[in-house]
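Okay, here's what each chain looks like letter by letter:
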Amino acid sequence: MEPDSVKKYHWLFPALRFVTLGLSAILILAGGLGMLVGLLYFASPTMEDAIIGGSGLFAGSVLIGSGIISLALTCRPVARAIR
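Here we summarise the structure given alongside this text. If you're wondering where the values come from, they're calculated on a predicted model, not measured in any experiment.

### Overview of the overall build of the protein chain
Counting its regular elements, the protein chain contains three helices and zero strands. The N-to-C order of helical and strand elements in the protein chain reads α-α-α. Going through the 83 residues of the protein chain one by one, you find that 11% of them count as buried. Restricting the contact set of the protein chain to residue pairs at least 6 apart, pairs at least 24 apart contribute 63%. Only carbon and sulfur atoms are counted for the fraction: they give 75% of the accessible area of the protein chain, which is about 6600 Å².

### Quick look at the side chain of Ser 24
Residue placement: Ser 24 occurs in helix 2 (residues 13-42). Contact partners of Ser 24, with chain neighbours within four places excluded, come to Gly 67, Ser 70 and Leu 71.

Calculation notes
- Residues numbered from 1 in each chain as written.
- Predicted model: local features only at pLDDT ≥ 70, side-chain atom pairs only at ≥ 80, totals over all residues.
- Heavy atoms only, no water.
- Helix = DSSP H or I, 4+ residues; strand = E, 2+ residues; numbered from the N terminus.
- Buried < 20%, exposed > 50% of the residue type's maximum accessible area, 1.4 Å probe, protein only.
- Contact = heavy atoms within 4.5 Å.
- Areas by Shrake-Rupley, 256 points an atom, 1.4 Å probe, with all protein chains shown as cover.

Structure follows, in structure tokens:
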């Protein structure tokens, strides 16, 4: 038996899935762009710019990782109860 709250908002789940897929794609793209900008700062001769480049690479990898986790959780099959 599904709870009443699940039955009440069952029509909303497909729309939320598309929104989540779109947001996770945006996260992955933003992470990739952040990593590219971080690599540009590594070419600078000053130490401060190299630190900024490292933080950009780290932030980009966090964004890409969270986008991939979001995609994995969204695209998994829904378990159904055996009756």
